[in-house]
Amino acid sequence: MSNNYPYENDVTVEVDGKAHNSWKSYDIDSDFLIPADAFKFDLGVPSNSTVLPDFSGAEVKVRINGELVMTGIVDTTQHTISKTNRTYSLNGRDRASILVDCSAPITNVKGLTVLDAVKKIVEPLGIKKVELRAENNPTLDKVDIDVGETAWNAAMRCANSAGLHLWFEPNGELIVGGADYSTPPVATLCCMKDGKRNNFEQADLTFDVSNRFSEVTFLAQSHGKQGQDNKNDLKWVYHDPEMTTYKPKTVVVSDVDNLEALQKWAKKYIADSMLEGFTLTIVVPDHKMQDGTLWQPGQRVHVICEEYEIDAIFFLMGRRFTLSRNGGTQTELRFKQDGIWTPDAYNAKAEKARKRKGKKGKKNQGDLISTNGQIGRAGQQE
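Residues numbered from 1 in each chain as written. Predicted model: local features only at pLDDT ≥ 70, side-chain atom pairs only at ≥ 80, totals over all residues. Heavy atoms only, no water.

**Q** Mind showing me how you'd approach the overall build of the protein chain here?
**A** Each helix and strand counted, the protein chain has six helices and 20 strands in total. When burial is assessed residue by residue, the protein chain has 49% of its 382 residues classed as buried. Looking at the protein chain alone, contacts between residues at least 24 apart form 67% of all its contacts between residues at least 6 apart. With the model as given, the accessible surface of the protein chain reaches about 18600 Å², and the carbon-plus-sulfur share is 48%. (Helix = DSSP H or I, 4+ residues; strand = E, 2+ residues; numbered from the N terminus. Buried < 20%, exposed > 50% of the residue type's maximum accessible area, 1.4 Å probe, protein only. Contact = heavy atoms within 4.5 Å. Areas by Shrake-Rupley, 256 points an atom, 1.4 Å probe, with all protein chains shown as cover.)

If you want it as structure tokens, here you go:
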């Protein structure tokens, strides 16, 4: 399938009440693991054009075929002129950029639920719409916000303490939650050696154990123990049976007060490490599926790739819409193994998803940490 096919997509940027949609190139990225989603638009400018405005700092809405895909803020505008060319570019990020750039307000979140704690951090910065997407909304016991800490890091630590994550929806709403692995796959991507059923041409499969360890010891100190020889009195040890090389690591955790909280923090840490160990990137033509639906993070997709011996469902962690002279209209899809990221957001649903696996990915590494007490050795430090 050639990328030179003239796919019909109306990509519009609304800024200062005006819509712009004639682009020489663009790049619209969205990924759960990247704090602030980014966009870049390049406009070819006629030589007789008048002076172009400075849109830096303006709020923008990006739409594709009428569907809102990002609400953001322009960071920079650049107008370049030469003897042969005139270009004008817009660069910016979604509303997470406010939390990434700004310091968190000095506040106390102890005793608040995760949702209320995040709201208390972000609302003074103008983020008024915050929604919980998870089964539980536990009360926080110990999350200390440091002076000068960014609002994003402070809010993320609150979410992580409950095994959750933060991201912004296209409409600018902040979500505190995780993946719902019970949703059905939205599409099937196929690459066979005989060429039949193929609907993508480029893929990249990466395995990485650089952040995997054979043994991780988690240490923390509960309240009321300060000054007692400065010892960490909470300890939990995780063993990864798939790591044959001896690679031990010790992690000191500050935001926990009991063994259960330490185990929950450790489970999120281990899941994130496993997440880094597998990445499947597939480049497809166009920005939409066969039924016209746009690709977006959070979708589950069935991937069949004969050369990789893959026939399984994967979680779409990030997607990147691009238009370029060489590549044409493309979408880069970044997949992770199903059921690993934020596995506790929807416990009951995730457990069902863990039982539905195909080849090459049928072993869900999330199962390694689904029952903490049986995998690790939990107890008080001597």
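**Q** Any chance you could explain the packing of aromatic side chains here in plain terms?
**A** For any pair of aromatic rings, the description rests on two quantities: the centre-to-centre distance and the angle between the ring planes. For the structure shown, the criterion picks out 15 aromatic pairs. Centroid distance tryptophan 23 to phenylalanine 41: 4.7 Å. Interplanar angle 45°. Geometry classified as tilted. Residue tryptophan 23 is located in the loop between β2 (18-20) and β3 (25-31), and its partner phenylalanine 41 is located in strand β4 (residues 38-44); the two are separated by 18 residues in the primary sequence. Each of the two residues, tryptophan 23 as well as phenylalanine 41, counts as buried. Aromatic side chains phenylalanine 32 and tryptophan 341 sit 4.8 Å apart centroid to centroid with 25° between the ring planes, which places their arrangement in the stacked category. Taken together, the positions of phenylalanine 32 in the loop between β3 and β4 and tryptophan 341 in the loop between β19 (328-337) and α5 (347-354) put the pair 309 residues apart, joining distant regions of the chain. When sorted by exposure, phenylalanine 32 lands in the same class as tryptophan 341, which is buried. The ring centre of phenylalanine 213 lies 4.9 Å from the NZ or CZ of lysine 247, which sits over that ring. (Phe/Tyr/Trp six-rings, centres within 6.5 Å; stacked < 30°, edge-to-face > 60°. Lys NZ or Arg CZ within 6 Å of the ring centre and 35° of its normal.)

**Q** Is there a simple way to think about the nonpolar core in this case?
**A** One recurring pattern in soluble globular proteins is that nonpolar side chains are buried together. The biggest cluster of nonpolar side chains holds 38 residues, and the ones touching the most others in it are Ile28, Phe41, Leu189, Trp295 and Phe335. Broken down by element, the residue count for this core peaks at five residues, all from strand β18 (residues 310-324). Leave out the neighbours within four places in its chain, and phenylalanine 335 touches Leu189, Phe278, Thr279, Leu280, Ile282, Val301, Val303, Phe314, Phe315 and Leu316. Formed by 34 residues, the second largest nonpolar core is a distinct cluster that contains Ala134, Met156, Ala159 and Leu166. (Core = buried A, V, L, I, M, F, W, Y, C linked by side-chain atoms within 4.5 Å.)

**Q** It is not clear to me how the pattern of salt bridges should be interpreted in this structure. Could you clarify?
**A** Working definition: two side chains of opposite charge can pair if their charged atoms are close together. Applying the stated criterion across every chain yields a total of 17 salt bridges. Among the charged side chains, a network of salt bridges with common partners joins Asp29, Asp31, Glu332 and Arg334. (Salt bridge = Lys/Arg side-chain N within 4 Å of Asp/Glu carboxyl O.)

**Q** What's the story with the side chain of aspartate 31 in this structure? I'm lost.
**A** Within the fold, aspartate 31 resides in strand β3. In terms of polar contacts, aspartate 31 uses its side chain to reach the backbone amide nitrogen of leucine 33, at 2.8 Å. Not counting residues up to four positions away in its chain, the partners in contact with aspartate 31 are Asp37, Met317, Gly318 and Arg334. (Polar contact = N/O pair within 3.5 Å; in protein donor to acceptor, adjacent residues only side chain to side chain.)

**Q** What am I meant to see in helix α4 (residues 259-276) here?
**A** Each α-helix turn comprises 3.6 residues. Residues three or four places apart therefore point the same way. Here α4 spans 26 Å end to end across 18 residues, near enough to the 26 Å set by a 1.5 Å rise per residue. Among the residues of α4, Leu262, Gln263, Ala266, Lys267, Lys268, Tyr269, Ile270, Ala271, Ser273, Met274 and Leu275 are the ones counted as buried. Measuring from the side-chain oxygen of the N-cap residue of α4 to the backbone nitrogen of glutamate 260 gives 3.2 Å; that N-cap residue is asparagine 258. (Expected span 1.5 Å × (residues − 1).)

**Q** Please explain the packing of helix α2 (residues 114-122) against helix α3 (residues 151-160) as it appears in this structure.
**A** In helix packing, the relevant descriptors are the interaxial angle and the interaxial distance, both defined with respect to the helix axes. Axis separation between α2 and α3 bottoms out at 9 Å; the angle between their running directions is 175°. Comparing the axis directions of α2 and α3 gives the class roughly antiparallel. Contact residues: α2 offers Val114, Ala117, Val118, Ile121 and Val122, while α3 offers Ala151, Ala154, Ala155, Cys158 and Ala159. Along the lines of polarity and charge, the residues of the contact of α2 with α3 split into ten nonpolar, no polar and no charged. (Axes fitted to C-alpha atoms, helices over the stretch in contact; angles between N-to-C directions. Parallel < 35°, antiparallel > 145°, perpendicular 65-115°, else oblique. Nonpolar A, V, L, I, M, F, W, Y, C, P; charged D, E, K, R; others polar.)

**Q** Please clarify how the pairing of β3 should be interpreted in this entry.
**A** Regular strands have side chains that alternate between both faces of the sheet. Among the seven residues that make up β3, seven are buried, leaving the element largely enclosed by the rest of the structure. Here β3 shows two buried faces, one formed by Ser25, Asp27, Asp29 and Asp31 and the other by Tyr26, Ile28 and Ser30. Bridge count between β3 and β4: four bridges; the pairing is antiparallel. Residue pairing across strands places tyrosine 26 opposite phenylalanine 41, the latter belonging to β4. The hairpin turn running from β3 into β4, its antiparallel successor, is six residues long. One ladder, built from six bridges, connects β3 with β18; its direction is antiparallel. (Pairing = 2+ DSSP bridges.)

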